[in-house]
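So the chains spell out like this:
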Amino acid sequence: MESDSSIEKRSVHDVDSHGHGKPQLGTQDVDVAAELTAGKDFVLDPEEAARVRRKIDWHLMPLMCILYMMQFADKTTLGQSAVLGLLNGPHHYIDQAQFNWLGTVFYLFFLGFEWPQNLALQYLPVGKWMSINILVWAIALLCHAAAKTFGEFFACRAFLGICEGAITPGFMIVTSMFYTRQEQTQRVGYWFLMNGAAIILLGLVAYGTLHIHSSILQAWQWLMIITGIITFVVAILFWFFFPDSPANAWFLTPEERVIAVERIKVNQAGVENKHFKAEQFIECLKDPKTWLFFFFSAISNVTNSLSNQRQLIVAGFGFNSLQTTLLGCVDGAVEIIVIFCTVTSATYWKNGRAYSAVLAYCVAILGSILVNTLPSSDRIGLLFSYWISITSIAPFVVMLAWVGSTTAGHTKRLTTNAIVMIGYAVGNAAGPQYWQDKFKPRNHVPWLILSICWAVSALLLLATRVYLARENARREREGHDATYDDVFVAETRPDGTVVEKKVDKAFLDLTDVQNRDFRYVL
């Protein structure tokens, strides 16, 4: 078996048995889809492709949506607990400063373990690795109920941060494995809008815990236990039912697996390759769009502290604990609506991903300005202005799908995902620190920071679009590149015979820079 190296280097030296130059690769150098499609002249039937897509939807989307709902519910239990007695109950164990640090600690550990998590996703079965992380996550959440000191809460939040590092990158990879670029934005939107469903679920569960009369456990402890048990069940379901890739999905027949990978050939990005390629890692670090996505992820997520502070913000408008808990359900409904509308717009508005996201930011900035300028006596106006600002969540969803559809090469894609999620962690780690007691109850300074971050994030998205459009135009002027049109994989049969099979360019595990036929979606 040959070692990992670039296709360009390999093609210079490889010659077939007749002495003719023929680029030839070992099976570990190409995409796993090549094993299913190499040497086959396959004509994709649109009706069969649609049927397989529906089958994939039915087996993937419910599990992905349930998990993402629980992931968001679990990490925001801290914010919900703030109005359930964690900060001001009869046995409260932490103060406001420590509460803010627990929000930061989560993302510091997320940041520290993001690259190891993505390396694990490169080498290990994606579904199984996520299942293990979900299980550890559930146990850490249950341990919150027993925590009595800041140090114990610190440890619980640290494990939550470590484990979350596998979920969003894993989902980004799975979505790009199973869906075309046209389909990816909506599918990312579907599982991400479950954040809104999580808020509704958490609000209803929290409301129920306020009616549990116990001398042993407080309402916030019941919340941790209930959500922890649900997450534990989800971990078991994921282990047994979530696939690792379309090449070995248990619910697809061998013929359907071929259709599944042929369907995504239009992405020019393949499915996956379990071998780390240093040249793709280096290319990722040199690619300007990697850093545009990184800075967008970091700056836009400075504002994500709203998710932990939202109950305190609404309470600051003059609502009591019961009202605040129930009104939190509306937050979730608003989030579902704005994400659905934005990703639908980004999907069907031709080359309109950036424009759809910027439009959402404009609405959010309007909401933040209103929160800062309306009088304190107008608590209904303040509440609706806050709900308007929730549109700020949607552009990040568009960006997640955009990253997956503009990056090819499995190592490069995983590295890009890691860098983007490191930006996510940096922004989220910084976010809680500007919600300080001295700014309460109106929080004018934090809302000003939110407005500035949203405006800068919108400009970064527009800059990314300009860069990608110029790159597309440059490639159009280059004309067709035939370098990888005739590449073969050497397959050794059980009897020792070596057979060469032609591999489609889409399944050579080329990066978006190597494959000059790759065009960036806008």
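Computed from a predicted model, the values in this text were never measured in an experiment.

1. Points about unusual backbone geometry
Trans is the common state for peptide bonds, and a negative phi is the common state for residues other than glycine.
Here is step 1: Positive phi is not limited to glycine here, since N351 has a value of about 55 degrees.
Here is step 2: Inspection of the secondary structure assignment puts N351 in the loop between α16 (321-348) and α17 (353-373).

2. Regarding the confidence of the model for the protein
Here is step 1: Per-residue confidence for the protein gives a mean pLDDT of 83; residues scoring 70 or more make up 87%.
Here is step 2: Considering each helix and strand of the protein separately, the mean pLDDT is smallest for helix α1 (residues 7-13), with a value of 40, and largest for helix α14 (residues 288-300), with 95.
Here is step 3: Low pLDDT, under 50, characterises residues 1-21; the predicted model gives this stretch 38 contacts beyond four residues in sequence or across chains.

3. Focus on the nonpolar core
Here is step 1: W191 and Y386 are the most contacted members of the largest nonpolar core, which has 129 residues in total.
Here is step 2: Among the elements that take part in this core, helix α3 (residues 46-75) stands out by supplying 13 residues, more than any other.
Here is step 3: In this structure, Y386 is in contact with L306, R310, V314, F317, D331, V371 and W447, ignoring residues within four places of it in sequence.
Here is step 4: In this structure, Y484, F507, L508 and L510 belong to the second largest nonpolar core, which totals seven residues.

4. Some remarks on the side chain of S392
Here is step 1: Inspection of the secondary structure puts S392 in the loop between α18 (379-389) and α19 (394-405).
Here is step 2: A distance of 3.0 Å separates a polar atom in the side chain of S392 from the backbone oxygen of S389.
Here is step 3: Beyond its immediate stretch of four places on either side in the chain, S392 contacts Y361, A364 and W454.

5. Re α17
Here is step 1: Look at α17: 31 Å from first C-alpha to last across 21 residues, which is about the 30 Å you get at 1.5 Å a residue.
Here is step 2: Turning to α17, its buried residues are R353, A354, S356, A357, V358, A360, Y361, A364, G367, S368 and V371.

6. Structural notes on the environment of G228
Here is step 1: Mapped onto the elements, G228 comes out in helix α11 (residues 219-241).
Here is step 2: In this structure G228 comes out as buried when scored by relative accessible area, which is 0%.
Here is step 3: Taking the C-alpha atoms as reference points, G228 and L135, separated by 93 residues in sequence, lie 9.6 Å from one another.
Here is step 4: For G228, the residues in contact, after removing those within four places along its chain, are A138, L141 and L142.

7. Looking at the packing of aromatic side chains
Here is step 1: Overall, the coordinates contain 29 aromatic pairs when judged by the stated rule.
Here is step 2: Each ring, one from F171 and one from F238, has its centre 6.3 Å from the other, and the planes form 15 degrees; the classification is stacked. A residue pair is termed long-range when its members are at least 10 positions apart, and F171 in helix α8 (residues 167-178) and F238 in helix α11 qualify at 67 residues. Side by side, F171 and F238 carry an identical accessibility label, which is buried.
Here is step 3: Between the aromatic rings of F293 and W402, the centroid separation amounts to 5.9 Å while the plane-to-plane angle is 70 degrees, which identifies the pairing as edge-to-face. Highlighted residues: F293 in helix α14 and W402 in helix α19, separated in sequence by 109 residues. Judged on exposure class, the residue F293 and its partner W402 are both buried.

8. So, the packing of α8 against helix α20 (residues 410-430)
Here is step 1: The N-to-C vectors of α8 and α20 enclose an angle of 145 degrees; their axes lie 10 Å apart at closest approach. Considering how the two elements wind past one another, α8 and α20 form a crossing that is right-handed. Every residue of α20 that contacts α8 at T168, P169, M172, I173, S176 and M177 is listed here: H410, R413, L414, N417 and M421.
Here is step 2: Tallied by class, residues from the contact of α8 with α20 come to six nonpolar, four polar and one charged.

9. A word on α14
Here is step 1: Along its 13 residues, α14 runs 18 Å from first to last C-alpha, staying within 8% of the 18 Å computed at 1.5 Å per residue.
Here is step 2: Within α14, burial applies to K289, T290, L292, F293, F294, F296, S297, A298 and S300.
Here is step 3: Turning to α14, the residues buried within the fold contact α13 (278-286), α17, α19, α20 and α21 (444-478).

10. Side note on the pattern of salt bridges
Here is step 1: Evaluation of the coordinates by the stated rule reveals 16 salt bridges.
Here is step 2: With its nearest N and O atoms 3.5 Å apart, the salt bridge here joins E471 to R516. Residue E471 is located in helix α21, and its partner R516 is located in the segment after β3 (498-503); the two are separated by 45 residues in the primary sequence.
Here is step 3: Relative accessible area serves as the criterion here: at 14%, R516 is assigned to the buried category.
Here is step 4: Between E478 and R516 there is a salt bridge whose closest N-O contact spans 2.9 Å. Taken as a pair, E478 in helix α21 and R516 in the segment after β3 lie far apart in primary sequence, 38 residues in all.
Here is step 5: Salt bridges sharing partners connect three or more residues here, namely E283, D287, K289, K412 and D512.

Quick notes on the rules
- Residues numbered from 1 in each chain as written.
- Predicted model: local features only at pLDDT ≥ 70, side-chain atom pairs only at ≥ 80, totals over all residues.
- Heavy atoms only, no water.
- Helix = DSSP H or I, 4+ residues; strand = E, 2+ residues; numbered from the N terminus.
- pLDDT = per-residue confidence, 0-100.
- Contact = heavy atoms within 4.5 Å.
- Core = buried A, V, L, I, M, F, W, Y, C linked by side-chain atoms within 4.5 Å.
- Buried < 20%, exposed > 50% of the residue type's maximum accessible area, 1.4 Å probe, protein only.
- Polar contact = N/O pair within 3.5 Å; in protein donor to acceptor, adjacent residues only side chain to side chain.
- Expected span 1.5 Å × (residues − 1).
- Phe/Tyr/Trp six-rings, centres within 6.5 Å; stacked < 30°, edge-to-face > 60°.
- Axes fitted to C-alpha atoms, helices over the stretch in contact; angles between N-to-C directions.
- Left-handed = near helix turned anticlockwise from the far one by under 90°.
- Nonpolar A, V, L, I, M, F, W, Y, C, P; charged D, E, K, R; others polar.
- Salt bridge = Lys/Arg side-chain N within 4 Å of Asp/Glu carboxyl O.

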